[in-house]
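Take a look at the letters that make up each chain.
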Amino acid sequence: MRVFDSNWMQIADYLQRDDRIVLPVGSTEQHGYLSLGTDALLAERVSVEAAEPLGVPVLPVLPFGMAPYFVEYPGSMSLRMSTYIEVIRDLLDCLASQGFRRIAVVNGHGGNAPVAGLIREWVCLPRAERVEVLFHSWYNAPKTAEAASRFDDDQFHGSWLENFAWTRVDGAEIPGGSAPVLPRSLADNVTAREMRELSPDGSLGGAYQRSDEDMQVVWDAGVAEVRELLEKGWLDQ
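Residues numbered from 1 in each chain as written. Predicted model: local features only at pLDDT ≥ 70, side-chain atom pairs only at ≥ 80, totals over all residues. Heavy atoms only, no water.

1. Concerning the overall build of the protein chain
- Within the protein chain, the regular secondary structure consists of eight helices and five strands.
- Moving toward the C terminus, one meets the helices and strands of the protein chain in the order α-β-α-α-β-α-β-α-β-α-α-β-α.
- Against the 2.2 N^0.38 benchmark of 18 Å for 237 residues, the protein chain shows a C-alpha radius of gyration of 18 Å, consistent with a compact globule.
- Principal-axis analysis of the C-alpha atoms gives the protein chain an extent of 55 × 40 × 30 Å.
- Taken across its 237 residues, the protein chain has 48% of its residues classed as buried.
- Restricting the contact set of the protein chain to residue pairs at least 6 apart, pairs at least 24 apart contribute 80%.
- Carbon and sulfur atoms form 53% of the exposed surface of the protein chain, whose accessible area is close to 11,700 Å². (Helix = DSSP H or I, 4+ residues; strand = E, 2+ residues; numbered from the N terminus. Rg over C-alpha atoms; globule rule 2.2 N^0.38 Å. Buried < 20%, exposed > 50% of the residue type's maximum accessible area, 1.4 Å probe, protein only. Contact = heavy atoms within 4.5 Å. Areas by Shrake-Rupley, 256 points an atom, 1.4 Å probe, with all protein chains shown as cover.)

Below you can see the structure in the form of structure tokens.
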């Protein structure tokens, strides 16, 4: 259930029988011909579909993340690492103070990965009761990555791997074929201006699209993997 579909009293009632909650986190950044909200849209949707049959509440996605290398593309936003870490810390503090003891952070953006260090630190702070926090990047988790690899080993930003019906935008014609692959060692070391020059359309390489049937296989694997995490990924069951 989406937290936005509930009032506070319903969430309080839920806490009498369960202590799990999902916090999706994403980014607002260029994705080539796809929506600027791709990472946020996917993180929230995979969380909702995974959590729905379990009755676990899902918070609205945090739509901004760390993407300094994309800020030369208009519409792309980036938070400083210090800002992002404190935002996540504040949200975890709120949830823990309200009685949530099992928090799944479902991530849709590779640039957010450094926050895993903050989470590791946060769970080690002394508190009266244990609070577990799982950080799960759904798009490259083992079973989801395995499903995607059945179709194509080139799985890069702005490519087919993120091209779902719900990340496409009206009026954008997505090319056929493939974009040249930008080596990861290079992509990880260029400035924002250099990134814009190296990738004029925003794709970091590989096929632009695959069939919706192929994409559904990847999506189903992602939903199942998040659901399995929510069901079985906790130390305190």
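2. Quick look at the sheet that holds strand β1 (residues 20–25)
- On the basis of which strands lie adjacent, the open sheet formed by three strands has the order β1-β2-β3 and parallel pairing. Strands at the two margins of the open sheet, each flanked by one partner only, are β1 and β3 (132–137). Each adjacent strand pair in this sheet contributes to an overall mean axis angle of 20°, direction not counted.
- Bridging between strand β2 (residues 102–107) and β3 involves six bridges; their strand directions are parallel. When the bridges of β3 are listed, Val106 appears paired with His136.
- Across the sheet, helix α3 (residues 81–98) lies against β1, β2 and β3, angled at about 165° from β1, the strand it touches most.
- Where helix α8 (residues 212–232) meets the sheet, it contacts β1, β2 and β3, and its direction lies at approximately 170° from that of β3. (Pairing = 2+ DSSP bridges. Axes fitted to C-alpha atoms, helices over the stretch in contact; angles between N-to-C directions.)

3. Regarding the pairing of β1
- Most of β1 sits out of view: six of its six residues are buried.
- Alternating positions in β1 separate into two faces, Arg20, Val22 and Pro24 on one and Ile21, Leu23 and Val25 on the other, with burial throughout.
- Here β1 runs beside β2; their pairing, made up of six bridges, is parallel. When the sheet's bridge partners are listed, Val22 is paired in β2 with Ala104.

4. Observations concerning the environment of Thr38
- Topologically, Thr38 is positioned in helix α2 (residues 38–51).
- Remark: the alpha-carbon pair of Thr38 and Glu52, spanning 14 residues in sequence, is separated by 21 Å.
- With residues up to four places along the chain from it excluded, the contact list for Thr38 reads His31, Glu162 and Thr167.

5. Section: the pairing of β2
- Most of β2 is tucked away, with six of its six residues classed as buried.
- Across the two faces of β2 the burial is the same, with Arg102, Ala104 and Val106 and Ile103, Val105 and Asn107 all buried.

6. Section: the environment of Phe4
- Secondary-structure assignment places Phe4 in the segment before α1 (8–14).
- Between the C-alpha atoms of Phe4 and Val56, which are 52 residues apart in sequence, the distance is 13 Å.

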